[in-house]
Structure formats: C-alpha cells, structure tokens
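Notes for the structure review
The residues making up each chain are set out below.
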Number of protein chains: 2
Amino acid sequence: MSRYLDLANTLGSRIERGLYGAGVRLPSVRTLSLEYGVSLTTVQQAYRWLEMAGLVEARPRSGWYVPAARPAPELPKMGKPDLRPTDVSEWGQVQELLDLESESGTIQLGRGMPDVESPTLRPLQAALAREGRRAGIASLHYNDMQGVAALRQQLSRLAVEAGYHVAPDSLIVTTGCQEALSCAVRILCAPGDIVAIASPSYHGMMQILKESGVQVFEIPSDPLQGISLEALELALDRWPVKAIQVTPNASNPLGYTMPEHRRLGLIRLAQRFDVPIIEDDINGDLAYGWPRPHALKALDEDGRVLLCSSFSKTLAPGLRVGWMAPGRYFDKALRMKYTGSGPTAALPQIAVAEFLQKGHYPAHLRRMRRQYQRQRDIMTEWVRRYFPEGTRIGHPQGGFTLWIELPESFDTHALDPMLKENGIAIAHGNIFSATGKYRNCMRLSHASVFTPRTEWAVRRIGEAVGEILHSTC
Amino acid sequence: MSRYLDLANTLGSRIERGLYGAGVRLPSVRTLSLEYGVSLTTVQQAYRWLEMAGLVEARPRSGWYVPAARPAPELPKMGKPDLRPTDVSEWGQVQELLDLESESGTIQLGRGMPDVESPTLRPLQAALAREGRRAGIASLHYNDMQGVAALRQQLSRLAVEAGYHVAPDSLIVTTGCQEALSCAVRILCAPGDIVAIASPSYHGMMQILKESGVQVFEIPSDPLQGISLEALELALDRWPVKAIQVTPNASNPLGYTMPEHRRLGLIRLAQRFDVPIIEDDINGDLAYGWPRPHALKALDEDGRVLLCSSFSKTLAPGLRVGWMAPGRYFDKALRMKYTGSGPTAALPQIAVAEFLQKGHYPAHLRRMRRQYQRQRDIMTEWVRRYFPEGTRIGHPQGGFTLWIELPESFDTHALDPMLKENGIAIAHGNIFSATGKYRNCMRLSHASVFTPRTEWAVRRIGEAVGEILHSTC
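Model, not experiment: these values are computed from the prediction. Residue indices follow the written sequence of each chain, beginning from 1 at its first position. Both sets of labels track the order of writing: A upward for chains, 1 upward for ligands. Only residues with pLDDT of at least 70 get local features here, since the model is predicted, and only at 80 or more are side-chain atom pairs given and counted; chain-wide, interface and lining totals rely on the full set of residues. Derived side-chain values reflect all non-hydrogen atoms in the structure, with water molecules and hydrogen atoms excluded from consideration.

A few words on the overall build of chain A. Helices and strands together make up the secondary structure of chain A, namely 16 helices and 16 strands. With the principal axes as the frame, chain A shows a C-alpha extent of 70 × 60 × 45 Å. Looking at chain A as a whole, 62% of its 473 residues qualify as buried. Contacts are assigned to residue pairs with any non-hydrogen atoms lying within 4.5 Å of each other. Put simply, of all contacts in chain A between residues at least 6 apart along the chain, 76% involve residues at least 24 apart. Accessible surface, chain A: about 17,700 Å² in total, of which carbon and sulfur atoms supply 51%. By the criteria applied, helices consist of DSSP H or I runs no shorter than four residues and strands consist of E runs no shorter than two, each listed in order from the N terminus. Accessibility here uses a 1.4 Å probe with only protein chains present; expressed as a share of the type maximum, an area under 20% marks a residue as buried, one over 50% as exposed, and anything in between as partly exposed. All accessible-area figures derive from a Shrake-Rupley calculation using a 1.4 Å probe, and residue coverage is judged against the displayed protein chains alone.

Right under this line is the structure:
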C-alpha cells in the first residue's frame, strides 16, 4: 500500500503546485511505471487515489488528465467576537460522543482517533512485547513522578525539531495530553477566573475549563490563520484574562497552522498583558508540511508558554503517554502531577522511548502525514460532491479532522435519527464551543484508511443534510 | 523461601495465641521436619526468623523456647483535637521524600513501596509480556474512559470479598489510587471548603487537599481503633464539613483496622450530618487477618461512600492501575476522570485483568501478607532493641509501614545529616499532617525482604536517636 501512496503523493503535490496545468495529459501509466520502478498496478492505484481526491480525471481510451480548474470550496466563516466571558455549557453531548466511541459496528467519523493499524507501528508493538518481558519487574518498580528518564531524553530531542530547547529534567511525562492540559489550567486559574481560548476548540479542553469552574472567553479563529489577534487584544484589554489557550499547529477541529507573523503577534500580546499561554501541540508532528512547523514555544522568551502534547494522535491513544514543558511553572506542574494522579504508567513509556530511540518515529510520521493529507483531499471531494451547495469546508494543514459548516439555520442534531439508524457517528459542532455555538457545523475524521463504506457514510450524511434543508424551505 | 515462611507463620501465630506458654520448650527441629515434611534447614530457618521477631529464643544445646512474657511495646499516643480547620503546610519535604525514592544505593525505609520481587508476581510479568505481544494493537486502540471491561468485571468480584456489591458499570478505573482520591476531593469540595481527615494520614492525600485549596480538620486517631468519633462529631457539629476522609483498613501510616462498631458509628455520623465519606481502601487486601476486613463501603446504604483503591500496594505501583466505586457520585466522577487525564493506559489494565482472572491474586496476597506481618514483628523487635526507652511503636494490622513515636521534644529532622551520610531514607512524621504535627515521629517501611543491612539501618537510626536525646539532656 505504501508505494502507491508515495507516488500519489508525489503526483498530487506536483498538480497542486501547478506543474501540470488544467487539461494537460498526465504521464502514462507505463511511463511512470518505468520512471519510478513500480508495477503498472501501483501506478493505476495511485491515479485512482488521485481521482478520488478530484485531482485527476480519466478519459476513456486516452489516459489521465488534470481536470479543469475549479474554485476551491469556500472556507468556514470566522465567528463574531463575544462581548463577555461565559460559563462552559453542559457535558451531556460530549458524553454521548464518548459513549459512541465504544460502540462497535459504527462507522466512526466522529472520534479524534488516529489510524493505529499502520505497519509502521509494528516496532512499537514489538517494543511493548519485549519490554513487557524484559522490563516487567523494572516497570513494576518504576515510579518516577517526572516520567521515565529514557523517554524524557527522547522528548528533549523531539523538542529540537519543534524549534525549542528543553532539558529532560524540565519535562514532565503525563497521562496523555489531557492530563497536561488539565494541570496547566489548574496551575494558572482559580474558579471564576477567565481564560481566552481560540474558537472552535477541542471539546476536552472545554470540559477541563468547565470542571475548573473557569469562565471562557471564546476568540473567533480564521480557518487558515487561527485565533483573531484583534479580538484577543480587545479581550485582554477589557478583562482580567488569566491564560490564553491556543493550538497553533494543525488545530483541532479547524486544522489551521498559524503563520509566523501571527505567532509573533500572539507572543507579543501575551508579553504585553503578562498572560501565560497554554499551547496544545498534540498535532504538531502531524502537520503536512516538512520540516514540521515550530511550536509556539520556540518563540517563548520568558517561560510563559506551557506546552502540552502527547503521542495519542501520532502513535496511539491507548498508550496514554503525554508530556508537558511547563516553562517557569515547572514546580507547580510537578506538584499538580503528583496530587492529580501520581506517576504515569511505566511500561508504555519505556516502549515508546525504545520506538523513538531506534528511529522508527520519522518513518511512521511520514506515512501517517501522507495518508491523512491524501484522505483530507478525498473527503473534501466527497463533501463537495454529496453535500448541498453552500456547504463550507475547512482546509486543514495537518491532523485528520475536517470541519464542515452548513447554512446557519441548520442544526446538525437534526441528523441524529438518521445517524443512529445507519450506524454513523460524527462529532457535532456545538461540543467545540463553550456556549453551544457551531450547531450548524460538524467535524469528520479522515484518519482510518478509507473503504467504500466511508464514502457511503459521507454520501449518506450529505444527502440527509440536503433532504432536511429542502424540507424546511 | 516460601516454605520456611509458611512454617514460621504457623508457629508464630500459635505462640501469639498462647498455645505455647512462656518458658515452654518448642518442638525439636527433627520433629517439625517430620511433621511438616520439610527439610531440617527449612525448620531451622523458620526458627531463626521467629527468633529475629523475638517470638522464640535459642538455648545452647537444648533447643528453642518461648521467651519469658514481656509487656508489649507502648503504642503511639492519640493527639489532641484541633480547635479549627487549617490550611495544609508546605510541599517541600514531600518532594524530598519523592526525590530520595529515585536515589539508588539508598536503604529505602521511607517509601510506601511494596516488595515487587516476589515470585508470585511472575504470572503478572508473563501477562504483561503476552498482552504486549498479543493485545498490542488492541491496547493501542483501547480508550474506554471507564477502563477495560475485563478488569472492571474482576474488580466487581473483588468487591464481593470486601463486602460490597458494585456492578462493573459502576466502577471507574483510575491512574492509581491517587487519581481516584484526587477526583473524589474535587467532586466534593470547592476551594475554602473543609474536609475532616483522620490524623496522621497519607501525605499524598494532604497534598491533594492543599492543591484543591481545601481546609483540613485533622481528627486524632487511636493507633488501634482509628479516627476518634467523639472528635469527629464535635467537628461535624461546629463546622460545615464537606467530606470525611478515612482509611479504615490497615491505615497508612498507623496501620489500624477500625473495629466494626466504630465503622457503624462513623457511617451513622456521616448520615446524621449528611456528609459523604472518601474511603481509601488501598491496603484492604493486605490486612493480615483472613478473610479480609470489609470495606467501609459495605455499610454504605445511600451511596455516600466514595471508595478509592489501587493495585499499587498489592501488586506494583508502576502499573498505575487504580479504581473508584463512587456511589451516587458516579456521573461527576466519570466527568472528572475525563477532564483530569482521560482514559487510563490499557495494557497494564489488560495484564492485571488476566492475572486476576487466572486466579493468581489470592496466592500472591497470602504470601505478601505473611511476609509483611512477620517483618512487622521483626522490625518491632529491632526498634525495641535499638531505640531508646520511651519509644512508642504502632502495631499495624496490615500493610507494611511501622509508625514510631519518640519523646515529644525530639525532632526527627535532627537525624537528617546522619541519614544522608549513611544512605538511609525514612519518612518524617510531619509529612503525615496538614500542620507539621508528628515531628517526633517517623514511618519505617517493612516491605522488602530484610537483609543484614536492614537491621544495620534500623540499629543506626535507633542509636542516633539515643545519641541526640542524650546530648540534649
């Protein structure tokens, strides 16, 4: 499978960069087979993959062509700034999403789960087995509050690729990114405090804020540029904001990666108003571009950025291996970790450290980034094809979630009976807001390798949206 | 090793129950060898073990005898009730304890770590290796917020032995007992609220309360009967207490197991004042008596007891597998779990579930209980021998920590230079209090199999205490 994806990727990015103009006939299957030393079948698979993504079209008895240029789908609109902070809305619908995650037989387009079936994860399985055997006793013993030293050493190396420097001793391994985020909020905020947060934003973060009794100031975000600095400045100017929470790389759910000048602006604002920043970098290694975009922490001059991350999206969520680089808040973070759950389970940490140390991580990331990017294109194409006119689609720069915006009057919960009946799960837009915004939006995951059933499900959703819109006209 | 411990245990409990009077000659090595079908060496080992514990004495060329009856060592005194709730003191010394834990070469008498070298844990290692191999992918996938279903099923069975009934669906697996306790506190208390807690108490709990901004009302505890109901009633009557925290079974650090009538009294008080109870049952399975004492939750009529526990003391802390039975607070607990750290790592859960399901747990517990009980006797004997007169010693009914009380004027931190120089770690008494009480106390662990170096360390501490006391007279 890997070779045709490789080829599809090469061709795809050439087309996207305009090396082949609209209407141009692409190299023949035979030519590419010779040029790349792959089988005819592999080339055909690559072309079919690109066709699904709307990047090429077949002309009978003639070959493959670049289709006529189409306007890109419209991006989701940026919301209007709120006037004041608010409490976080109810938890009920998040619980539904979590419940759905464990239902088998359902087509899971809702959950934020990576594809863990990739063969590039096999060395990790081997490490788990080996360390289960070899380090059984050691891992039972192991009880370091900061996390396994060998893992922190590897994390310190990964940090360099993300543009920042952190000594292994300044890192804390956490039970997933969720624990890191939860510690960060509790370090910085008391109940009643205000947090400014890019909106829409990860539902788990919303629930952390709710549990902490914190008020939320949702800052509208541009689908390509991220958090509105203008709206943020207004909020900082008028309210005693205690922390800013952003996901600058391959954000969830919109998928933007903030451009450099925006990041600088964000850091300057934080410095000017002396507010710390909670950075969620969980998707940083899944940004489609290479080398990966820097973490915001790379611009941090005075330790005000608490970076939170994990391997839940890049490797597997069941490992529960996350970390934080808490900057100047290290002591408080370690104490919070101790009181919150104690050390993180040792065995998965040891196995991940081995996987990283042996150099398996880059190959795995390369493959996943390719898969997620190509499937983004394909899912975008499906949505264009099957959803009614007026549908807006995000254009994520990393990760594996696609944000879809329907006409404002639409409520995605109107789809619930159809979804239940057909065994399809989506993530409703309103769980990505503190106040039930985005009821006309949904997030679809494009992580798992697509099958005909995936296309059927997207089609089924799109048609149902159309029917409901039509019937209410 | 197991056979002589078996025999020592049988003989030891006969002597303790008075079946052999003081001065009586015990059965010869040859007789016991024939009677129990064990080697002469095994019998000799058993007798030597009992001798260390002061339960038998050798008379040259005559055999083994029951020594003349001695008065039991005096128990620690019960403290005086506080007049008002207070904030929890600083974290510095707890961090020192945690730092010491990771120093190698140190004789660890301070930490609350079980013996993880027992051969009865081998099936668990095997399960970790097997599941690492077999369930690698499954465990990567696995992401159930409540915890692995197979484990919850086993936990539901264990609950029956602890005297309460809880469906697998009403349990939540947590990342150690620490996370369960932390969730419980945050469910029940807002900053500024008051928690009544048995004193002395587990330092991790103190730190949770500190982090939560909760005020603490320390209730004195009897070294055999546990929390003073009289002092508790006074506190409940005068202050708006939001939760009661107790460890009714093999408490840490005192080691008491509350008698039945006290438990009933406690539940009645909680009902009368309508206050929930956070029960820490982490040592419940390590109570020396068999069958194990019931959990307090067994008396719970209206779901007001939040039971927290884990396998950190019974199996190994590095697994980070704990659980809670949160009673009527289930929904809140699940939400807290979700926001605090997300699901718990799957692989250790799967391995523990297999270990339990295959029936390895009871044999392991039997062995550990025996080891801990016999070593309690030996360490008690060492303290009687090497510590100055006036030393008071707890008489734990389970677990593996011994509480030692020195004259009131003594400050165990005066031992620090000697401890550091000799590479010995103890737990200072003041970390078991919110307000730095018990500076004249220490907690010694008797978990790991004793070696001559253990005796040397206890002797060294005792002598140093004597020297300091002498020099300050």
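Chain A puts 52 residues into the contact, and the matching count from chain B is 52 residues. We count a salt bridge whenever a side-chain nitrogen from Lys or Arg sits within 4 Å of a carboxyl oxygen from Asp or Glu. Summed over the shared surface of chain A and chain B, the number is two salt bridges. The partner of Arg335 of chain A in a salt bridge is Glu211 of chain B, with the nearest N and O atoms 2.6 Å apart. Here a polar contact means two N or O atoms within 3.5 Å. Within protein one must be a hydrogen donor candidate and the other an acceptor candidate, and residues neighboring in sequence count only if both atoms are side-chain atoms. Connecting chain A to chain B are 16 residue pairs in polar contact (both at pLDDT 80 or more). Those elements giving two or more residues to the side of chain A that touches chain B turn out to be helix 4 (92-101), helix 5 (122-134), helix 6 (136-141), helix 8 (176-188), helix 9 (203-211), helix 12 (330-340) and helix 13 (346-357) of chain A. Gly counts as polar in this scheme, as do all residues outside two lists: the nonpolar Ala, Val, Leu, Ile, Met, Phe, Trp, Tyr, Cys and Pro, and the charged Asp, Glu, Lys and Arg. Along the lines of polarity and charge, the residues of the side of chain A that touches chain B split into 26 nonpolar, 19 polar and seven charged.

Another point: the relation of the copies chain A and chain B. The relation between the two copies of this chain is a rotation about an axis and a shift parallel to it. Copies are brought into register by a least-squares superposition over C-alpha atoms of residues with pLDDT of at least 70 in both. Superposing chain A onto chain B requires a rotation of 180 degrees together with a translation of 0.0 Å along the rotation axis, leaving an RMSD of 0.1 Å. Interpreted geometrically, this transformation is the action of a two-fold axis. Relative to the rotation axis, the C-alpha of Ala129 of chain A is the closest in chain A, positioned 2.5 Å from it. Both copies contact each other with a shared surface, as 100% of the interface residues of chain A are interface residues in chain B too.

Turning our eyes to something else, we now look at the domain arrangement of chain A. Residues and elements named next belong to chain A. Each domain's extent is set by a domain assignment, obtained either automatically or from a database. Domain boundaries in chain A define domain 1 (2-65), domain 2 (92-117 + 363-471) and domain 3 (122-360). Computed from C-alpha atoms alone, the centre-to-centre distance between domain 1 and domain 2 is 27 Å. With both sides pooled, the region where domain 1 packs onto domain 2 buries about 1,100 Å², and carbon together with sulfur makes up 53% of that total. By buried area we mean how much accessible surface two parts lose on assembly, using a 1.4 Å probe and totalling the loss over both. Looking only at domain 1, the three residues that lose the most surface to domain 2 are Asn9, Trp49 and Met52, adding up to 47% of its buried area. Seen at the junction of domain 1 and domain 2, the total is two salt bridges. Between Glu16 and Arg374 there is a salt bridge, with its nearest N and O atoms 3.8 Å apart. The interface formed by domain 1 and domain 2 includes two residue pairs in polar contact (both at pLDDT 80 or more). Counting only elements with at least two residues in the side of domain 1 that touches domain 2, the list comes to helix 1 (2-16) and helix 3 (40-52). A total of eight residues in the side of domain 1 that touches domain 2 trace back to one element, the largest contributor, which is helix 1. Residue classes in the side of domain 1 that touches domain 2 are distributed as six nonpolar, five polar and two charged.

In the segment running from Ser199 of chain A into Pro200 of chain A, the intervening peptide bond is cis, with an omega of 0 degrees. By secondary structure assignment, the location of Pro200 of chain A is in the loop between strand 5 (194-199) and helix 9. Of the consecutive residues Trp290 of chain A and Pro291 of chain A, the connecting peptide bond is found in the cis state with omega at 0 degrees. With respect to the helices and strands, the residue Pro291 of chain A is situated in the loop between strand 9 (277-280) and strand 10 (305-310). Of note, Asp274 of chain A is a non-glycine position whose phi angle comes to about 50 degrees, a positive value. Looking at the secondary structure, you find Asp274 of chain A in the loop between helix 11 (260-272) and strand 9. Backbone geometry places Ala250 of chain B, a non-glycine residue, at a positive phi of 45 degrees. Counting through the fold element by element, Ala250 of chain B comes out in the loop between strand 8 (241-246) and helix 11 (260-272). By relative accessible area, which is 0% here, Ala250 of chain B ends up buried.

What follows covers the pairing of strand 8 (residues 241-246) of chain A. Residues in a regular strand point their side chains to alternate faces of the sheet. Residue and element names in this part refer to chain A. For strand 8, the buried fraction is high: five of the six residues fall into the buried class. Two strands qualify as a pair provided DSSP detects at least 2 bridges between them. The sheet contact formed by strand 8 and strand 9 spans three bridges and is parallel. Its bridge partner lying in strand 9, Gln245 is registered against Ile278. On the question of chirality, the crossover connecting strand 8 to the parallel strand 9 by way of helix 11 is right-handed. Looking down the strands as they point away from the viewer, one classifies a crossover as right-handed if the path from the first strand across the helix to the second runs clockwise.

For the rest of this paragraph, the subject is the pattern of salt bridges. Residue and element names in this part refer to chain A. Considering all chains together, one arrives at 60 salt bridges over all chains under this definition. With a closest N to O distance of 3.0 Å, Asp411 and Arg439 form a salt bridge. Of the two residues, Asp411 sits in the loop between strand 13 (401-405) and helix 15 (416-422) while Arg439 sits in the loop between strand 15 (427-428) and strand 16 (441-445), which places them 28 residues apart along the sequence. You can call Asp411 partly exposed: its relative accessible area is 27%. Judged by its relative accessible area of 33%, Arg439 falls in the partly exposed class. Linked through salt bridges whose partners overlap, the residues forming this network are Glu16, Arg374, Arg376 and Asp377.

Let us look at the sheet that holds strand 5 (residues 194-199) of chain B. Residue and element names in this part refer to chain B. Read across the sheet, eight strands follow the order 4-11-10-9-8-5-6-7 without closing on themselves; strand pairing throughout is mixed. Edge positions in the sheet fall to strand 4 (172-174) and strand 7 (226-227), since each has one partner strand and no second. Here strand 10 (residues 305-310) pairs with strand 11 (residues 322-325) via four bridges, running antiparallel. Bridged to Cys308 within strand 11 is Met324.

Moving on: the packing of aromatic side chains. Given two aromatic rings, their pairing is described by the distance between the two centres and the angle made by the two planes. Pairing of aromatic side chains here covers Phe, Tyr and the six-membered ring of Trp, requires ring centres within 6.5 Å, and sorts the geometry by plane angle: under 30 degrees stacked, over 60 edge-to-face, intermediate tilted. Per the counting criterion, the structure on display carries 18 aromatic pairs over all chains. Judged by centre distance (4.9 Å) and plane angle (65 degrees), the ring pair of Tyr372 of chain B and Phe400 of chain B falls under edge-to-face. With Tyr372 of chain B in helix 14 (residues 361-386) and Phe400 of chain B in the loop between strand 12 (392-393) and strand 13 (401-405), this pair connects stretches of sequence that are 28 residues apart. An aromatic cluster is present here, built from Phe311, Trp323 and Tyr361 of chain A joined pairwise through their rings. A ring is considered to have a charge above it if a Lys NZ or an Arg CZ atom is located within 6 Å of its centre and within 35 degrees of its normal. Between Arg59 of chain A and the ring centre of Tyr65 of chain A, over which it is positioned, the NZ or CZ distance is 4.0 Å.

Looking now at the pairing of strand 5 of chain B. Residue and element names in this part refer to chain B. The buried count for strand 5 comes to six of six residues, which makes it a mostly enclosed element. Of the two faces of strand 5, both are covered, the one formed by Ile194, Ala196 and Ala198 as well as the one formed by Val195, Ile197 and Ser199. Examined bridge by bridge, strand 5 and strand 6 (residues 215-222) share six bridges and lie parallel to one another. Looking at the pairing, Ala196 lines up with Phe217 of strand 6.

The next thing to look at is the sheet that holds strand 9 of chain A. Reading across the sheet, the eight strands line up as 4-11-10-9-8-5-6-7 (chain A) and stay open at both edges, with mixed pairing between neighbours. The open sheet has two edge strands, strand 4 (172-174) and strand 7 (226-227) of chain A, and neither has a second partner.

This brings us to the nonpolar core. Leu151 and Phe311 of chain A together with Leu151 and Phe311 of chain B are the most contacted members of the largest nonpolar core, which has 84 residues in total. Beyond its immediate sequence surroundings of up to four residues, Leu151 of chain A is in contact with Val173, Phe311, Val321, Gln349, Val352, Ala353 and Leu356 of chain A. Among buried residues, those of type Ala, Val, Leu, Ile, Met, Phe, Trp, Tyr and Cys that are joined through side-chain atoms within 4.5 Å constitute a nonpolar core.

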